[in-house]
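Chain by chain, the residues run as shown.
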Protein chains: 2
Amino acid sequence: MYGHIARILSKPGEREALLAILLESTGTMAGCLSYVIATDQSNADALWVTEVWESKAAHTASLSLPNVKAAIAQAMPHIAGFDPRAETTPVGGIGLPGDGNLWW
Amino acid sequence: MYGHIARILSKPGEREALLAILLESTGTMAGCLSYVIATDQSNADALWVTEVWESKAAHTASLSLPNVKAAIAQAMPHIAGFDPRAETTPVGGIGLPGDGNLWW
């Protein structure tokens, strides 16, 4: 598995607009096991996106999907900064396909 | 929903031991929608834990569960630092109960 954790900063006051675009974009992404979009409780312009993919290749491939490319183009004018926090290797837990407490 | 994103640093070389304890601890936690434990690809002593709960109260209550309290006690000797990155409000995505693309 491959994981990606990032914080996205919207332009001031544009978080809701950015959020709506991101939520629309998560229709069908092959190999995506988890993709959680969340607002930051302490920063009115910050969003967090935490992702789990079957592989890094699946994540990379998703960036070429028409709906994802369209969403990126729509989102860009609302984005002030993109702050990747970590690339990870998810190893288990709760709420992933195959049920929790498995080692992948 | 309530989200929590944290990085945990193990004492040097003790990440695997810490990981095993954390994976054991995720048995039954009421109100937990997602709990992903992942290793950091760029830091051999770092783990990330990204959580989604039905409510902040459910997260707080989990800290009193016997299995969680026992895991914390076991884990502490292996931990060099705990670095909470964000409290969030998850708003949608893929892989959460109720299926993706829902607004909560």
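Residues numbered from 1 in each chain as written. Chains lettered and ligands numbered in written order. Predicted model: local features only at pLDDT ≥ 70, side-chain atom pairs only at ≥ 80, totals over all residues. Heavy atoms only, no water.

### Things to note about the packing of helix α1 (residues 15-25) of chain B against helix α3 (residues 66-75) of chain B
All names here are of chain B.
And then number 1: Two numbers describe how α1 lies on α3: the axes approach to 9 Å, and their chain directions differ by 175 degrees. One element, α1, and the other, α3, form an angle in the roughly antiparallel class. Here L18, I21 and S25 of α1 come into contact with α3, specifically with N67, V68, A71, Q74 and A75.
And then number 2: Class assignment for the residues of the contact of α1 with α3 results in five nonpolar, three polar and no charged. (Axes fitted to C-alpha atoms, helices over the stretch in contact; angles between N-to-C directions. Helix = DSSP H or I, 4+ residues; strand = E, 2+ residues; numbered from the N terminus. Parallel < 35°, antiparallel > 145°, perpendicular 65-115°, else oblique. Contact = heavy atoms within 4.5 Å. Nonpolar A, V, L, I, M, F, W, Y, C, P; charged D, E, K, R; others polar.)

### Considerations on the side chain of T39(B)
And then number 1: Residue position: T39(B) is located in strand β2 (residues 32-40).
And then number 2: The exposure class assigned to T39(B) is buried, which follows from its relative accessible area of 8%.
And then number 3: Other than its neighbours up to four places away in sequence, T39(B) contacts E87(A), T88(A), T89(A), R15(B), L19(B), A46(B) and L47(B). (Buried < 20%, exposed > 50% of the residue type's maximum accessible area, 1.4 Å probe, protein only.)

### Let's talk about helix α3 (residues 66-75) of chain A
Residue and element names in this part refer to chain A.
And then number 1: Residues of α3 that are buried include every one of V68, A71 and A75, and no others. The arc that holds the buried residues of α3, viewed along the axis, is 60 degrees, so those residues lie on one side. Turned more than 90 degrees from where α3 packs its buried face, P66 and A73 sit exposed.
And then number 2: As for α3, its buried residues are in contact with α1 (15-25), α2 (56-62) and β4 (79-94). (Arc of directions from axis to C-beta.)

Function cannot be read off these values alone, since they describe shape.
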